[in-house]
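Below, each chain spelled out in residue letters.
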Amino acid sequence: MVYLMTFHWSWLLASLLLGLAIGWIAVVHRGQGVPRRTSWWLAGLVAALVAVALARLIPGRPGYWLDLALLMFASYLFGCAVGSWLRAWALSRDAPA
Amino acid sequence: MQEFFKWSSKWWPGVIPLVMFWAIAAWTSTSPLETDLAARSTSALKDTVLDKRRIAVAGRDVTFAADAFSEDGRRSAVASVEAVPGVRLVNDETRLVPEAKPFVWSAERDVVRVTVGGNAPLPASKGRLLEAARAGLAGVEVVDQMNMSRGAPPRFENAALLLLDQIGKLKDGKVTISDNKVSLSGMARDLGGREAIAAALKNLPEGFSVAANEIKAPPYIFQAYKDPVAVTLTLTGYVPDNNVHAAVAAAAGRKFFSEKVVDNLKASVGAPGGFAGAVVPVLGALSRLSTGTLEVSDREVKLSGDALYDAAAAQIRAGLGKDFPQGWQFKADISVKPAAAPVDATVCQQLFSDLLAKGKIRFESGRATIDPDSAGLLDRLVETALRCPTANIEIAGHTDADGEDAFNQTLSEKRAQAVTDYLVKAGLPANRFTAVGYGSSQPVASNDTDQGKAQNRRIDFVVR
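Residues numbered from 1 in each chain as written. Chains lettered and ligands numbered in written order. Predicted model: local features only at pLDDT ≥ 70, side-chain atom pairs only at ≥ 80, totals over all residues.

**Q** Can you help me understand the overall build of chain A in this one?
**A** Counting its regular elements, chain A contains four helices and zero strands. When the 97 residues of chain A are sorted by exposure, 28% land in the buried category. (Helix = DSSP H or I, 4+ residues; strand = E, 2+ residues; numbered from the N terminus. Buried ≥ 20, exposed ≤ 12 C-beta atoms within 10 Å, placed from the backbone.)

In structure tokens form, the structure reads like this:
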């Protein structure tokens, strides 16, 4: 894991920045969100993929690509969370003023 | 929290560029990652002794195949690859090096190369063996056909190094170690090489023994050529040591009374047993030939040439080889020189005088037994006597003045008679010869000096 992070730090950073940007926008976005039921399904899918990766069920290159995808996705989600939270915090600070 | 879920439901658009990032990352990084992991795995195994190591990386999974030299070594090699950071799975395709039974190693030399083959216990010892072969055989190509195997006997490497040392002493041949038995075959490069190898084999490490040593030595050659035109005797080849060399040279000087001895002999070990005992008598036989070649190759003696008359040829064929040392063989290819043209009595006398001026008929001290060294001279006298069949010849015996006159008189008569007997045995009619003894009554030099006495002790041929 540490090895993958050091080897791919640039891609992880890119995912993180992407996440930050999307998270920042998401707070004020007026478009359609993912329905609750679908998001549970997606969460279940991601959990299943994480389980497969941890169990090392997929061999060779596809296994590596899965690991890489999950890491980038985790980095993206973290970026989104931080971005959204920052935007929310910024808005709440501006509102009273 | 409720809000957080609301925001997160709107995070999905970023997944599209994220997937693109992922595709690019996977596309560009897979190959460098695999290369990096392969390098790290290889360096993790740097200090581990393995044969036929093969590392293949697919994604983060390493397929590791190798032959290990022990179970512990095999396990620790797999563990060190597993411990490499970034490696996800190790497909363990390692196995133990096969055990050889019997453990056979060999080195074979032919004209241009040395082929080292069979089993070697470890890559390091294989390397040392090849290095030793290259160092010991400068300029000879060394071909490696060794395989790794377990089951080498203790101290195998020392034994193999010692044998590689011996390969240098061979012209061609093969050395083999089978478990702890050593066998050698082939031809030594030099005289004495076989003996040197046999001596070196005494230093084989403990536990090893020689099963077969079939190293042959190159033939031990001694040659002598009597050239009647140049009046020389040429000696070439080998003699065992300086003492034998001196003895052979002295014998040649005595037996070849008129020839100049050209001595090209070299001393070398490796002579067959009884060398001097065989060579000295056969030189005597050569001295009786008009022209002849003597070839001694190991224990085989070949004498060829022309005898001076029939009886001499028969005597040489029959007589020699009887008193040879055990195991020696004698082959004679003796023909008879065509008889020389007859001459009249005066010329005959001249020829006798010439011969007797060059050499003297020798006897055992104080006795009438002819010294075998004089056979060559006697044969020449016989040949001359055959050329004047009508002449009657007086064989005159003389002594020096030492001792009693009566004894000297008898001795001179007996010696003259011994020479006459020799001539008769050679086929000359007895009635042509008169044996006369003069004792010390007709000195040709002073009896006061040893040199003079030696001149006075003589046999003269006088044509009547």
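**Q** Honestly, the packing of helix α2 (residues 9-26) of chain A against helix α2 (residues 15-44) of chain B in this entry has me stumped. Any pointers?
**A** Geometrically, a packed helix pair is captured by the angle between its two axes and the distance between the axes. Two elements in contact, α2(A) and α2(B), have axes separated by 10 Å at closest approach and are oriented at 175°. Looking at the two axes, α2(A) sits roughly antiparallel to α2(B). On α2(B), the residues that touch Trp11(A), Ala14(A), Ser15(A) and Leu18(A) of α2(A) are Pro17(B), Leu18(B), Phe21(B) and Ala25(B). Of the residues belonging to the contact of α2(A) with α2(B), the class tally is seven nonpolar, one polar and no charged. (Axes fitted to C-alpha atoms, helices over the stretch in contact; angles between N-to-C directions. Parallel < 35°, antiparallel > 145°, perpendicular 65-115°, else oblique. Contact = placed C-beta atoms within 7 Å. Nonpolar A, V, L, I, M, F, W, Y, C, P; charged D, E, K, R; others polar.)

**Q** Would you mind showing me how to read the sheet that holds strand β19 (residues 458-463) of chain B here?
**A** Adjacent strands of a sheet form backbone hydrogen bonds with each other and so pair up, either parallel or antiparallel. Residue and element names in this part refer to chain B. Strand order in the open sheet formed by three strands is β18-β17-β19, and the pairing between neighbours is mixed. Of all strands in the sheet, those with a lone pairing partner are β18 (433-437) and β19, marking the two edges. Neighbour-to-neighbour, the strand axes of this sheet turn through a mean angle of 20°, independent of strand direction. Here strand β17 (residues 393-398) pairs with β19 via six bridges, running antiparallel. Considered in β19, the bridge of isoleucine 395 is made with phenylalanine 461. Of the strands in this sheet, β17, β18 and β19 touch helix α12 (residues 405-425), which is tilted by about 160° from β18. (Pairing = 2+ DSSP bridges.)

**Q** I would appreciate a short explanation of the interface of chain A and chain B in the present structure.
**A** Bring the parts together and some accessible area is lost; that lost area is often taken as the interface size. Contacts between chain A and chain B engage 34 residues on the former and 27 residues on the latter. Those elements that place two or more of their residues in the side of chain A that touches chain B are α1 (2-7), α2 and α4 (60-94) of chain A. Of the residues forming the side of chain A that touches chain B, the biggest block, 13 residues, is contributed by α4(A). For the side of chain A that touches chain B, a count of residues per class yields 21 nonpolar, eleven polar and two charged.

**Q** What is the right way to look at the nonpolar core in this model?
**A** As a rule of thumb, nonpolar side chains are buried together in soluble globular proteins. Residue and element names in this part refer to chain B. Ranked by internal contacts, the top residues of the largest apolar core, which has 57 residues, are Val279, Val282, Leu286, Ala307, Leu381, Val382 and Ile395. By residue number, the principal contributor to this core is helix α8 (residues 275-287), which donates seven residues. Each of domain 3 (221-336) and domain 4 (345-463) contributes no fewer than three residues to this core. Not counting residues within four places of it along the chain, the set of residues in contact with valine 282 comprises Leu294, Val301, Leu303 and Leu320. Ranked by size, the runner-up nonpolar core spans 44 residues in total, among them Val116, Met148, Ala160 and Leu170. (Core = buried A, V, L, I, M, F, W, Y, C linked by C-beta atoms within 7 Å. Domains from an automatic or database assignment.)

**Q** Looking at this model, I keep getting lost on the environment of Gly19(A). Mind explaining?
**A** If you trace the backbone, Gly19(A) turns up in helix α2. Overall, Gly19(A) belongs to the buried group, with 26 C-beta atoms counted inside 10 Å. Along the chain, Gly19(A) and Leu77(A) lie 58 residues apart, while their C-alpha atoms are 6.1 Å from each other. Discounting residues that sit within four places of it in the chain, Gly19(A) has contacts with Ser75(A), Tyr76(A), Leu77(A), Phe78(A), Gly79(A), Cys80(A), Gly83(A) and Gly14(B).

**Q** Teacher, can you tell me more about the sheet that holds strand β12 (residues 232-239) of chain B here?
**A** All names here are of chain B. Pairing is mixed across the open sheet formed by six strands, whose spatial order is β13-β12-β11-β14-β15-β16. Edge positions in the sheet fall to β13 (260-267) and β16 (329-336), since each has one partner strand and no second. Taking each pair of neighbouring strands and ignoring which way they run, the sheet shows an average axis angle of 5°. Note that β12 and β13 share eight bridges and pair parallel. The residue bridging threonine 234 from the neighbouring strand is valine 262, located in β13. Here helix α7 (residues 242-255) sits on the sheet in contact with β12 and β13, set at roughly 165° to β13.

**Q** Hey, could you run me through the packing of helix α10 (residues 345-358) of chain B against helix α11 (residues 375-387) of chain B in this one?
**A** Residues and elements named next belong to chain B. Two elements in contact, α10 and α11, have axes separated by 9 Å at closest approach and are oriented at 175°. By the angle class used here, α10 and α11 are roughly antiparallel. Taken together, the residues of α11 that come into contact with α10 (itself represented by Cys348, Leu351, Phe352 and Leu355) are Leu377, Arg380, Leu381, Thr384 and Arg387. Class assignment of the residues belonging to the contact of α10 with α11 gives a composition of six nonpolar, one polar and two charged.

**Q** Looking at this structure, I do not really get the confidence of the model for chain B. What am I missing?
**A** Low pLDDT marks stretches whose predicted atomic positions should not be read closely. Taken over all residues, the pLDDT of chain B has a mean of 89, while the share at 70 or more is 100%. The weakest mean pLDDT in chain B belongs to helix α1 (residues 2-8) of chain B at 76; the strongest belongs to strand β5 (residues 104-109) of chain B at 93. (pLDDT = per-residue confidence, 0-100.)

**Q** Can you help me understand unusual backbone geometry in this one?
**A** The phi torsion of most residues other than glycine is negative, and most of the peptide bonds are trans. Residue and element names in this part refer to chain B. Cis peptide bonds are those with omega within 30 degrees of zero, and the linkage from lysine 101 to proline 102 qualifies with -5°. With respect to the helices and strands, proline 102 occurs in the loop between β4 (95-96) and β5. For lysine 52, which is not glycine, the phi dihedral falls at a positive 50°. Note on placement: lysine 52 falls in strand β1 (residues 50-58).

**Q** When you look at the pairing of strand β10 (residues 209-216) of chain B in this model, what are you seeing that I'm missing?
**A** On any regular strand, side chains alternate: one points to one face of the sheet, the next to the other face. In the sheet, strand β9 (residues 181-188) of chain B pairs with β10(B) via seven bridges, with the strands oriented parallel. Bridge pairing in β10(B) places Leu184(B) opposite Asn213(B).

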